[in-house]
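Now for the letters of each chain:
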Amino acid sequence: MMIAQTHRYAGSNPHPENGLRRGRSCSALAVGVVGLLGFVGVGCAKEPDALDFGAARAAKPPPPPTAVFEGPRAAIPPVHASGIGTNLGELRDWGADRPFLDVFKQSRTWISTSGDTWDDGRPLELDARGNVKRLGLGQAARSLVLWGDDVDFPAGGYRVTWQGTGELDFWPQGGSASSTKTGSFTLAADPARGGLAVTITKTDPNDPIRDIRVLVPGADPAERWNGSFLKRLEGYGTLRFMDWMNTNDGTLVAAGDRPVEADVRYTTKGVPVEVIADLCNRLRTACWVNVGHTWSDGLVEATAAVLRDRLDPTLRLYVEHGNEVWNGIFPVAEFAKKAGIAAELARDPFEAQLRFHARRTAQVQAFFDRVFSASNPAGKARVVRVLGGWAVNAWSTGVMLDQLKKDGAVVDVVAIAPYFGGDLGEPAQQAAVRAMQLPALMRRLEQSVDEATATLKEQKAVCDKHKVGLVAYEGGQHLAGIGPVAQDAVVNKLFDAANADPAMKVLYLRYLKGWTNAGGGLFVHYNSTQRDSRFGRWGALTSMTQPRDKAPKFDALSTFAESTPRWY
């Protein structure tokens, strides 16, 4: 029986008012348990609508790769001394991270509202950059900029600027403004009065309100990045942008769909790779990007060209197809299964799914190699070819590497997510966990760390056989309730206490040492900054201003990076 794994995504909903996370209807399937991280699977109703990657989206599988592949190559050495990386959390209006001085970049997509109706369901006509082109009779367009029950942002004067003719309202902070051609307004915002929303109440269709910016107090309009955000990322050697690129639920297809810097917000289509490259250049870190499963070949090549031209040539670029293609909670899993079956890659549906993932990985890497070597034959040495794998299932890794061999292709590294402690969130463990005191839970987590390290041996053996490296695309503690356990106040209080306890630092240092001793390479934590909730405690920090001595996971990652020279 094939086992689906859930971890940080199972039933998670970082913002409860939105209903089910990401808007999909999911139902739990009790499919069994394997190893430390074989959990209750989740099947989702949404399915992909096609199998190919061209603009026409005809129902046919992609052919095998036709490029000539070379074996393992000596990639450029990392610039950053740290072998510890981090994922960046989702860019959302309710997020704990505030990366941009223009907070409208992380605002929610427009809501059609009228009178006292929060959302009247009417469509809004938008331009390609996400600006409202016109309003209907009695209609207004509202965007939530800084929102949520526990919204946290600096109080002070927020400078709002825009182009166009019309009227804006700032709710519930108070204040409104009108303009012709250009507008500017300083809003005295305070989290004690709630969140901040911007509403377009009137707009001239011939000169619509557009290009709204909301700058934090004291921001230089010419600067992009929040200094506090940059400061908390300085110790990491690699940044992974899976969530920033909306990888799991992205719908981009053609090259023209690609997000660009001029987009009014970066939450709808994802953060542009120009911006991603700028952040890595600023921090001198390696860059890890995820190519969506819906992307056409043209979009893959266009993205590769931007990264070639905008990312500092001394920095490494990790390229991964999709995210957790084995994991049935994401649309990519069903997509890959159908494509693998149609291509007759295997009789077993799950094996076909894995083999398709390997094949598409090779195709994506071939596009990047070709683009990066177009003007400089050595340019592709910057690219690290990544194959995403399943941590607790070394057999699946062997299947995918076998498919690459059949297709005449190779990768540089297999990437897995060696979380620890995830089994403690399973319904079967609920009664036992409820009976635990914090010391008992920490002892159980210590055992879980050692179990997680032990599972690496099988993965490492498969990778060594195929002469590829082993890295972690995600990792860390996995204290999150699954299904009904997520609603258990006793369990949640215990999980919160464990993540705040100084002993968590000791566990993390033991865990990271075990990873390196087992032969693991780059380790990328999940994630940088996120408030703890019943849906998980994923952030190394719970806010950008959290002191290091109050953040045991961040302290451990920083201590390990500072005391352990890069080992790979």
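### Some words on the confidence of the model for the protein chain
Now for step 1: Predicted confidence across the protein chain gives a mean pLDDT of 88, with 87% of residues reaching 70 or more.
Now for step 2: Scored below 50 in pLDDT, residues 1-59 makes 168 contacts in the model with residues more than four places away or belonging to other chains.

### A look at the packing of aromatic side chains
Now for step 1: Scanning the model with the defined rule gives 26 aromatic pairs in all.
Now for step 2: Pairing F229 with W244 gives two aromatic rings, centres 6.2 Å apart and planes at 15°, and the pair type is stacked. Of this pair, F229 sits in helix α1 (residues 227-233) while W244 is found in the loop between β14 (238-240) and α2 (273-283), placing the two residues 15 residues apart along the sequence.
Now for step 3: For F229, a relative accessible area of 2% puts it in the buried group.
Now for step 4: Look at W244 and you get buried, because its relative accessible area is 2%.

### So, helix α6 (residues 394-406)
Now for step 1: Here α6 spans 19 Å end to end across 13 residues, near enough to the 18 Å set by a 1.5 Å rise per residue.
Now for step 2: Taken as a whole, α6 has its buried residues at A394, S396, T397, V399, M400, L401, Q403 and L404.
Now for step 3: The elements touched by buried residues of α6 are α5 (349-372), β17 (383-388), β18 (413-416) and α8 (438-465).
Now for step 4: The N-capping residue of α6, defined by a side-chain oxygen 3.3 Å from the backbone nitrogen of W395, is N393.

### Remarks on the packing of helix α3 (residues 297-310) against α5
Now for step 1: Across the interface, α3 lies against α5 with an axial gap of 9 Å and an inter-helix angle of 45°. With respect to their mutual orientation, α3 and α5 come out oblique. Every pair of crossing elements has a handedness; the one defined by α3 and α5 is right-handed. Residues D297, V300, E301, A304, A305, L307 and R308 of α3 lie in contact with α5, whose contacting residues are R360, V364, F367, F368, R370, V371 and F372.
Now for step 2: For the contact of α3 with α5, the residue count by class is nine nonpolar, no polar and five charged.

### Some words on the sheet that holds strand β10 (residues 176-179)
Now for step 1: A sheet is described by the order of its strands in space; here five strands give the open sequence β4-β7-β12-β9-β10, paired in antiparallel fashion. Unpaired on one side and paired on the other, β4 (111-113) and β10 mark the two borders of the sheet. For this sheet the average axis-to-axis angle between neighbouring strands, irrespective of direction, equals 25°.
Now for step 2: Inspection of the sheet shows strand β7 (residues 140-146) paired to strand β12 (residues 196-203) by five bridges, in the antiparallel sense. Residue pairing for β12: A141 is matched across the bridge by I200.

### Here's the deal with the packing of helix α10 (residues 503-517) against helix α11 (residues 552-563)
Now for step 1: Look at α10 against α11: their axes get within 8 Å of each other, and the N-to-C directions meet at 40°. As the angle between them shows, α10 and α11 are arranged oblique. Where α10 crosses over α11, the handedness of that crossing is right-handed. Counted together, M504, K505, Y508, L509, L512, K513 and T516 of α10 and P552, K553, D555, A556, L557, T559 and F560 of α11 form the full contact between these two elements.
Now for step 2: Here the residues of the contact of α10 with α11 are counted per class, giving eight nonpolar, two polar and four charged.

### Topic: the pairing of β12
Now for step 1: Burial within β12 is extensive, with six of its eight residues counted as buried.
Now for step 2: Pairing of strand β9 (residues 166-171) with β12 involves six bridges; the strand directions are antiparallel. Pairing of G166 across the sheet is with T203, part of β12.

### Describing the state of the cysteines
Cysteine pairs can be linked by a disulfide, which is a covalent bond between their two sulfur atoms.
Now for step 1: Under the definition given, this model contains zero disulfides.
Now for step 2: Counting only cysteine sulfurs, C280 is the nearest neighbor of C287, a cysteine outside any disulfide, at a range of 3.9 Å.
Now for step 3: Judged by its relative accessible area of 0%, C287 is buried.

### Regarding the pattern of salt bridges
Now for step 1: A complete count under the given rule lists 38 salt bridges for this structure.
Now for step 2: Where R548 meets E562, a salt bridge forms, and the shortest distance between an N and an O atom there is 2.9 Å. Placement of the pair is R548 in the loop between β20 (523-525) and α11 and E562 in helix α11, with a sequence separation of 14 residues.
Now for step 3: Connected through salt bridges with shared partners, the residues R224, E261, D278 and R310 form a single ionic network.

### Topic: the sheet that holds strand β13 (residues 210-215)
Now for step 1: Spatially, three strands are ordered β11-β8-β13 in an open sheet, and the strand pairing comes out antiparallel. The open sheet terminates on both sides in strands that have one partner only, identified here as β11 (182-189) and β13. This sheet shows a mean twist of 15° between the axes of neighbouring strands, independent of strand direction.
Now for step 2: Across eight bridges, the pairing between strand β8 (residues 156-163) and β11 is antiparallel. Residue pairing for β11: R159 is matched across the bridge by T186.

### Observations regarding α5
Now for step 1: Its 24 residues give α5 an end-to-end C-alpha distance of 35 Å, which sits within 8% of 34 Å, the value for a rise of 1.5 Å per residue.
Now for step 2: Of all 24 residues in α5, 22 are buried, a share of seventy percent or more.
Now for step 3: Capping the start of α5 is the job of one residue whose side-chain oxygen sits 3.1 Å from the backbone nitrogen of F350: D348.

### Focus on the side chain of Q477
Now for step 1: Mapped onto the fold, Q477 is located in the loop between β19 (469-472) and α9 (489-500).
Now for step 2: Among the polar contacts listed, one links the side chain of Q477 to the backbone nitrogen of L479, at a separation of 2.8 Å.

### Looking at the nonpolar core
Now for step 1: Ranked by size, the top nonpolar core spans 113 residues in total, and within it F241, W244, L279, L317 and F368 carry the most contacts.
Now for step 2: Residue contributions to this core peak at nine residues, all from α5.
Now for step 3: For L279, the residues in contact, after removing those within four places along its chain, are L88, W225, F229, L230, L239, F241 and W244.
Now for step 4: The next biggest cluster of nonpolar side chains, apart from the first, holds 28 residues, and it includes L101, V103, W162 and L215.

Quick notes on the rules
Residues numbered from 1 in each chain as written. Predicted model: local features only at pLDDT ≥ 70, side-chain atom pairs only at ≥ 80, totals over all residues. Heavy atoms only, no water. pLDDT = per-residue confidence, 0-100. Contact = heavy atoms within 4.5 Å. Phe/Tyr/Trp six-rings, centres within 6.5 Å; stacked < 30°, edge-to-face > 60°. Helix = DSSP H or I, 4+ residues; strand = E, 2+ residues; numbered from the N terminus. Buried < 20%, exposed > 50% of the residue type's maximum accessible area, 1.4 Å probe, protein only. Expected span 1.5 Å × (residues − 1). Polar contact = N/O pair within 3.5 Å; in protein donor to acceptor, adjacent residues only side chain to side chain. Axes fitted to C-alpha atoms, helices over the stretch in contact; angles between N-to-C directions. Parallel < 35°, antiparallel > 145°, perpendicular 65-115°, else oblique. Left-handed = near helix turned anticlockwise from the far one by under 90°. Nonpolar A, V, L, I, M, F, W, Y, C, P; charged D, E, K, R; others polar. Pairing = 2+ DSSP bridges. Disulfide = S-S within 2.5 Å. Salt bridge = Lys/Arg side-chain N within 4 Å of Asp/Glu carboxyl O. Core = buried A, V, L, I, M, F, W, Y, C linked by side-chain atoms within 4.5 Å.

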